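# A look at the structure
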Amino acid sequence: MSDTMAEREANTEELKQRVYLGLREDNLDPRDVVALACELLDWFHYTDAILEVVERNPADVSPTEMAALARRILDDVGFDPGFDLAPERLATLRAALRIVARDLATRGIEGEPEIEVLEDWFPVGAGVRLADGGRLNWGGCILPGMCDDPTTALASLAVMIQESLLEWTWRVWPVCPRHDLGVHGSEHDGTAVWWCAGDGGHVLAPVGELSRVLGSRRK
Ligand SMILES: [Zn+2]
């Protein structure tokens, strides 16, 4: 048995991870779900899903129901698997970076940038390292939860890169040539785009296709 608060907290965290991995790998152990629900009750979490797991006889709960309850419990407590337990998020982010990297040519930035996991940040996030070693996490970092969806990952990365470049160099990029306004990375109709606020708003270009509008610029 664990006695100290820190040990109990570590134990609860480990149970959350086991339940997450059980759901992910389709080998959820109902005893882990019950143990987690009991721990969470002790931490004064009283959600419907937690109470249901504690009150029902596990033998009467079908695997599908148990999986649904486990998912709700993880949601209720805001569990995030980070990059470690959900490594596909980094793959999504790296694919997004290859797309944004095409736009960096319009800013005179050459070479292949890389994703860098910022292990010493809390929560752990990801930043971008340019081919010349420059680091683009001045505008914050990319959180693992932003990388479940490719479009969100791409838009978030575009925003982080442009804000970092602005903080770093005090130069607005990209700029809409028609309105002479700075445009912003955003999600629009399910696509990551550079959005200009001029004339009621319009898409300057999808992220990754800026050079078609602005042309590449040599240093
Ligand atoms: Zn415009």
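The structure under discussion appears in the preceding block.
Quick caveat, the model's predicted, so the values are computed rather than measured.

Reading guide: rules and limits
Residues numbered from 1 in each chain as written. Predicted model: local features only at pLDDT ≥ 70, side-chain atom pairs only at ≥ 80, totals over all residues. Heavy atoms only, no water. Helix = DSSP H or I, 4+ residues; strand = E, 2+ residues; numbered from the N terminus. Rg over C-alpha atoms; globule rule 2.2 N^0.38 Å. Buried < 20%, exposed > 50% of the residue type's maximum accessible area, 1.4 Å probe, protein only. Contact = heavy atoms within 4.5 Å. 1 Å grid on protein atoms, 1.4 Å probe; cavity = no way out; pocket = protein on both sides within 12 Å on 5 of 7 lines; lining within 4 Å. Points joined across faces, edges and corners; volume = space filled by probe spheres on them. Nonpolar A, V, L, I, M, F, W, Y, C, P; charged D, E, K, R; others polar.

### Section: the overall build of the protein chain
- What the protein chain contains, in helices and strands, is seven helices and eight strands.
- Against the 2.2 N^0.38 benchmark of 17 Å for 219 residues, the protein chain shows a C-alpha radius of gyration of 22 Å, more extended than a compact globule.
- Overall size of the protein chain, expressed as C-alpha extent along the three principal axes, is 65 × 35 × 25 Å.
- The burial tally for the protein chain puts 41% of its 219 residues in the buried class.
- Taking the intrachain contacts of the protein chain between residues at least 6 apart in sequence as the baseline, contacts between residues at least 24 apart amount to 52%.

### A closer look at the layout of surface pockets
- What the largest pocket holds in volume is close to 430 Å³.
- The wall of the largest pocket is formed by 17 residues, among which Asp80, Pro81, Gly82, Pro123 and Val124 lie closest to the centre.
- Of the residues in the lining of the largest pocket, the class split is ten nonpolar, three polar and four charged.
- Put simply, the second largest pocket is a space of about 210 Å³.
- For the second largest pocket, the lining is made up of 14 residues, of which Leu28, Pro63, Thr64, Met66 and Ala67 are closest to its centre.
- Listed by contribution, the elements that provide at least two residues to the lining of the second largest pocket are helix 1 (5-24) and helix 4 (63-76).
- Of the residues that constitute the lining of the second largest pocket, the class distribution is eight nonpolar, four polar and two charged.

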